[in-house]
Number of protein chains: 4
Amino acid sequence: MIKAGIIGSTGYAGAEIVRILLNHPEVEIVWYGSRSYVDEQYASIYRNMFKLVEAKCFDDNLEVLCKEADVIFTATPQGYLAGVLTEEILANCKVIDLSADYRIKDVATYEKWYKIEHKSPQFIEEAVYGLCEINRDKITDKTRLIANPGCYTTCSILTAYPLVKAGLIDPASIIIDAKSGTSGAGRGAKLPNLFCEVNENIKAYGVTNHRHTPEIEEQLGYACGQQLTLSFTPHLVPMNRGILATEYATLVQKEDGTYPTAKEVMKAYHDCYDKEYFVRVLGYGDCPETKWVEGSNFVDVSCIIDERTHRVIMMGALDNIVKGAAGQAVQNMNILFGLEENMGLKLVPSFP
Amino acid sequence: MIKAGIIGSTGYAGAEIVRILLNHPEVEIVWYGSRSYVDEQYASIYRNMFKLVEAKCFDDNLEVLCKEADVIFTATPQGYLAGVLTEEILANCKVIDLSADYRIKDVATYEKWYKIEHKSPQFIEEAVYGLCEINRDKITDKTRLIANPGCYTTCSILTAYPLVKAGLIDPASIIIDAKSGTSGAGRGAKLPNLFCEVNENIKAYGVTNHRHTPEIEEQLGYACGQQLTLSFTPHLVPMNRGILATEYATLVQKEDGTYPTAKEVMKAYHDCYDKEYFVRVLGYGDCPETKWVEGSNFVDVSCIIDERTHRVIMMGALDNIVKGAAGQAVQNMNILFGLEENMGLKLVPSFP
Amino acid sequence: MIKAGIIGSTGYAGAEIVRILLNHPEVEIVWYGSRSYVDEQYASIYRNMFKLVEAKCFDDNLEVLCKEADVIFTATPQGYLAGVLTEEILANCKVIDLSADYRIKDVATYEKWYKIEHKSPQFIEEAVYGLCEINRDKITDKTRLIANPGCYTTCSILTAYPLVKAGLIDPASIIIDAKSGTSGAGRGAKLPNLFCEVNENIKAYGVTNHRHTPEIEEQLGYACGQQLTLSFTPHLVPMNRGILATEYATLVQKEDGTYPTAKEVMKAYHDCYDKEYFVRVLGYGDCPETKWVEGSNFVDVSCIIDERTHRVIMMGALDNIVKGAAGQAVQNMNILFGLEENMGLKLVPSFP
Amino acid sequence: MIKAGIIGSTGYAGAEIVRILLNHPEVEIVWYGSRSYVDEQYASIYRNMFKLVEAKCFDDNLEVLCKEADVIFTATPQGYLAGVLTEEILANCKVIDLSADYRIKDVATYEKWYKIEHKSPQFIEEAVYGLCEINRDKITDKTRLIANPGCYTTCSILTAYPLVKAGLIDPASIIIDAKSGTSGAGRGAKLPNLFCEVNENIKAYGVTNHRHTPEIEEQLGYACGQQLTLSFTPHLVPMNRGILATEYATLVQKEDGTYPTAKEVMKAYHDCYDKEYFVRVLGYGDCPETKWVEGSNFVDVSCIIDERTHRVIMMGALDNIVKGAAGQAVQNMNILFGLEENMGLKLVPSFP
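Structural notes, computed from the coordinates. Here the structure is a predicted model, which means the values were calculated and not measured. (Residues numbered from 1 in each chain as written. Chains lettered and ligands numbered in written order. Predicted model: local features only at pLDDT ≥ 70, side-chain atom pairs only at ≥ 80, totals over all residues. Heavy atoms only, no water.)

Some remarks on unusual backbone geometry
Both trends apply: most residues other than glycine have a negative phi, and most peptide bonds are in trans.
1) Next: Note the cis peptide between Phe351(B) and Pro352(B), where omega equals -5°.
2) Next: Take Pro352(B): it is sitting in the segment after α12 (322-336).
3) Next: Within the chain, Lys51(A) stands out as a residue other than glycine whose phi angle is a positive 70°.
4) Next: Within the element layout of this structure, Lys51(A) appears in the loop between α2 (42-45) and α3 (62-68).
5) Next: Take Lys51(A): its relative accessible area is 37%, and that puts it in the partly exposed class. (Helix = DSSP H or I, 4+ residues; strand = E, 2+ residues; numbered from the N terminus. Buried < 20%, exposed > 50% of the residue type's maximum accessible area, 1.4 Å probe, protein only.)

Set out below in structure tokens:
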């Protein structure tokens, strides 16, 4: 049995790791870390876990934990892990970080968008960006540190990746309009996240400056082999879970003056994803809905061409706490430890 | 592998049986019955099942199905199964009926509340009322027909059962005020179930005449050894899943003039449920919330005494589609086939 | 023009007073009090008021305000007004208090349920309990202080009042199961009120000890001319606005052994409310819905007799921020100043 | 008093006209038309109107109605009015049509997008497109027919109009990503609009072929003096009311190589809207939220420049049933009859 510790286990993402691992046949949770609730029963904070988790919450002592665990999940605020990570920790156990600390290779870019100093840039290079479907091969038995992708980024990248990679769209034309459920805002007691403020409301936020932007740009840049700049606009939707990304790009005109066809764009999707368990390519023109992936690790993607404007509208949906956070973290763990990639993750989406 | 057929597989309860059985290690679904969608891909109707279910929908041919399946789940409107059930079907396979057709032993009571003629009263006697925690022993290897309890009834009965059985409350004083998510209304395209009609709204309905009333009365009557009449008022709540029952009853005064204490009422709960996997007895005075059981087969129960009025307020919460329908049906199947009762049902409640 | 000041104008109830008074032909708001947002633009906190309110927020200086205003609304936490109210303030202007400070005549009862010391019990006697439909006549030109009723209490009392007053139900048998939208919890940034905690969830809270209980008991006690004790259980519903009260009571048997009929109970409702603009008596057996009164000052009430148990189920619905708080406060103001009682309050419920 | 008839008064838009006109000082409703509910009490269908509307529903007899009414509102399905409108009707009274029948000047475009034959193209020319803020001057005392704009179109056009008109953005680059509450889908009992299908879900629909597209293109084309083609993608959001449009366009580079500044784009907004009561220009970079305009006739607009991509993100929010339908229809009526444009429309947005 793999021994797992979870730092930040009382946030929504941390709690979802717990939910998933409780049914994972090869993992045992040995550490429920939560600075805010030290010594309290975990199940008194997440009462869904009543009778399922008997443990109390521990403090965030990575130096002790790394000797008791085979893998540590850090579902912590930006900057936390960078501030405490050491060579010794990595020498003792694997770390899967759900924060942004090691996602962006260029430390200056990180510091500019996150407006905090990076305290341990020496580990950035070795960290593998854990977008499993794309970087699976980079995760080897020597990998010690996984930078688990963000929720918006996972959805945004996987939705556009096939067409970017196939060169069918102009990278400079990409516009991502994303919509997220409210769990993405975390469990902090803040006025804008109150029920009465979110319910019956929709708004954009972080326009032009949301911190997932450079992460999306970096990864899609790798896909097309050139730096790119795109527009990313997140919105807050009155629902608990789910991200929908609606992405716009201009099709690249061919030498004969024609544009890519429905068949060609769908071929690009199928080439990329037909072997993937967790990415479901819907029929051409079918619109993904967040409800159809809720509670699961699936991403549903599809697209439709607008003949009038020579644009393609790409759409992707996932559960922000599962494939957008905890599920992908466990998927990364499975890869790291040589398990079946979908072990413990065959969660059937729940409807309604 | 147990071969299962599902009649009414495209209703919400039927679809939930599918969701659960897909992860059940000992069951294979051989028949997705749906009169409305014959020959259509199941996954085109429930797109959460895309890539998980390849089958098409079949018609409702129980006579054929009973030879191909070991167990048939009927998640069908009231009166359907009573109209088609035959000795031959029961001779060939087990039937677990999610409708009310065989729940009530007195056919006149059934016909009065449901306002339909019962077409096969000859099977009522042998049917076992499948409220597992209470009737488990009545399910034997000779049992052919299970009447799976209603959603409101499962919640209402399990919440009051310990105190009724222990004689701590006056049966004539019981009042049940129940609140349900909207999935209980089914997937029919009816105006009162439209989003804009349900959202931001709460109302009572079926006041004094809801059809789950006699079912609750019959079962609680068995518990106290006498017929009882109670008040049951259901309400529609703007959420997808969940039932909360708030139940009021007067405590029985003892000979010395005192009333049962917190310790005594809690002992009654623990005596009944401490060995049960699916019933979680919360601490005295803790209020169950539907969110904490969502997606799982758990029922959370507790109570609190009102010293001023000598009443006890009992509360119970469950997921109406799981423990209130599909989950309990699978639990019954597990018992029927001698499997671990919670096999395939260790669903961890999802939060948020 | 009546000059009005609002203390606590940035809470939900305070903001609703603003919304209503902006369209009131005889009132001008001269003071937007808000300790938390002193000197900030009111419309920057409530952006619905952009271009409608130009004023900034003031501190809570009642001694200054009472000389500038004809009426002060205090939409403040329990204990605030009792701590600052003086004879001088009351000598200068009318005060309509939306807190509980002056609602309960017995100071010991107040202190027991609210667990705070009452700092100015000398004003309790003169305060008029502003449940307009019942106490209208007690509001005279000498009235200086109105204790505006609570949201649950307004709904609970008006729903049961006619049958209590007519002696048709046994006061000792009353059970009130109430359901409220989340705005009732206020605008404080607390974890249990976060969107993800409230959405898709229902729970009871404050069972046996909610502070509106003694207020309901006192007023219904006046109606039947004797002290009474009842059970009151509030629930939190995932919607912004609205309270639904479902109330149970045993009908009083007549000397001839019969029980009150539908006609008799409805007559009691019509006798009480037919002249009232804001109480709408629905048809016998019609179930009130919160959505049908949303945004308005209406209370919809009705009832249905359960012949089997000789109980009557009474139901009432209102908008907790309007008739349950701000609307009733303005109604009280209209009475106090001799205006048409529904002036500025002919708000048509908004649907959907 | 202006006598108004409403055809389609039991749809959501029709019912909102009723809600507004009940408080309009110069209008009396003389005809509640509803083919589905002829002879039924209007208030039995919309119970919010209980005691406010005593009338029964009438059939859709425009030939009779036009002699009894000064103005007819038609809140009817596409094609209805075109099929019944006659010269005689227009000779007798004003008609304000909330359907799309007379919005598009080119009948071929109408027939292509709506896939129905236009039965009375002879009236298209004289119909005034009633986007009040832009076409106010075209409404004269001779105007007989107003084509009231669509909900998405009103929001989409008003959001982009200032920058299109000022030539600050490239018309060919416009992408509109719009999000709507569910009331926009109407009150028809259709499966996709059930609570459980919409709640906790977001999806795009009508991608590349939504029928509001040509209407937006035509009007923005007038603004820039050339035909344009744009991408429009609507989404369904789990809320009752509200539309948010997030619009992307590339800024036009100036001759000196620079791009328009924040100051310049905001000036364009203020130039267009500073005299408008119903369009509120928020501060630069402030994001409109649907909740802040709910229940009112306001449109909140703003924008923000993305320096990295030389795009501007424009945002607008309105209540789809008010400014997007009924409210604008009444605004048009006010203009037509020479009343104050905001008479009966000073609805303060309701929060929460």
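Thoughts on the interface of chain A and chain D
1) Next: Counting from both sides, the interface comprises 50 residues of chain A and, opposite them, 50 residues of chain D.
2) Next: Carbon and sulfur atoms supply 57% of the area buried between chain A and chain D, which totals about 4,000 Å² over both sides.
3) Next: Contact with chain D buries area across many residues of chain A, yet Glu200(A), Ile202(A) and Arg308(A) alone supply 17% of it, more than any other trio.
4) Next: The interface formed by chain A and chain D contains four salt bridges.
5) Next: In this structure, the salt-bridge partner of Arg308(A) is Glu217(D), at a minimum N-O distance of 2.5 Å. (Contact = heavy atoms within 4.5 Å. Buried area = accessible area lost by both parts, 1.4 Å probe. Salt bridge = Lys/Arg side-chain N within 4 Å of Asp/Glu carboxyl O.)

Some details on helix α1 (residues 12-21) of chain A
For the α-helix, the turn length of 3.6 residues means that residues three or four positions removed from each other point alike.
1) Next: Here α1(A) lies mainly inside the structure; nine of its 10 residues are buried.
2) Next: Regarding α1(A), the residues found buried are Tyr12(A), Gly14(A), Ala15(A), Glu16(A), Ile17(A), Val18(A), Arg19(A), Ile20(A) and Leu21(A).
3) Next: Structurally, α1(A) contributes buried residues whose contacts are with β1 (2-7), β2 (27-32), α2, β3 (71-74) and α12 (322-336) of chain A together with α9 (195-198) of chain C.

Some words on the interface of chain B and chain D
1) Next: Taken together, the contact pairs 20 residues of chain B with 20 residues of chain D.
2) Next: In total, chain B and chain D occlude about 1,700 Å² of area from one another, counting both sides; carbon and sulfur atoms represent 61% of this.
3) Next: It is Leu194(B), Phe195(B) and Cys196(B) in chain B that bury the most area against chain D; as a group they hold 37% of the surface buried on that side.
4) Next: Taken together, the links from chain B to chain D amount to two salt bridges.
5) Next: Salt-bridge contacts for Glu197(D) lead to Arg187(B); the nearest nitrogen and oxygen are separated by 2.8 Å.
6) Next: On inspection of chain B and its partner chain D, the count reaches eight residue pairs in polar contact (both at pLDDT 80 or more).
7) Next: Top element by residues in the side of chain B that touches chain D is helix α9 (residues 195-198) of chain B. It accounts for four residues.
8) Next: Partitioned by chemical class, the residues of the side of chain B that touches chain D number 10 nonpolar, six polar and four charged. (Polar contact = N/O pair within 3.5 Å; in protein donor to acceptor, adjacent residues only side chain to side chain. Nonpolar A, V, L, I, M, F, W, Y, C, P; charged D, E, K, R; others polar.)

A short note on the pairing of strand β7 (residues 175-180) of chain A
On any regular strand, side chains alternate: one points to one face of the sheet, the next to the other face.
Residue and element names in this part refer to chain A.
1) Next: The buried fraction of β7 amounts to six of the six residues, a majority that puts the element mostly inside the structure.
2) Next: The alternating pattern of β7 places Ile175, Asp177 and Lys179 and Ile176, Ala178 and Ser180 on opposite faces, both of which are buried.
3) Next: Relative to strand β9 (residues 231-236), β7 is paired through six bridges, and the arrangement is parallel. Of the residues in β9, the one forming a bridge with Ile176 is Phe232.
4) Next: Sheet topology note: the β7/strand β10 (residues 243-250) ladder contains six bridges and is antiparallel. Opposite Ile175, over in β10, you have Tyr248 as the bridge partner. (Pairing = 2+ DSSP bridges.)

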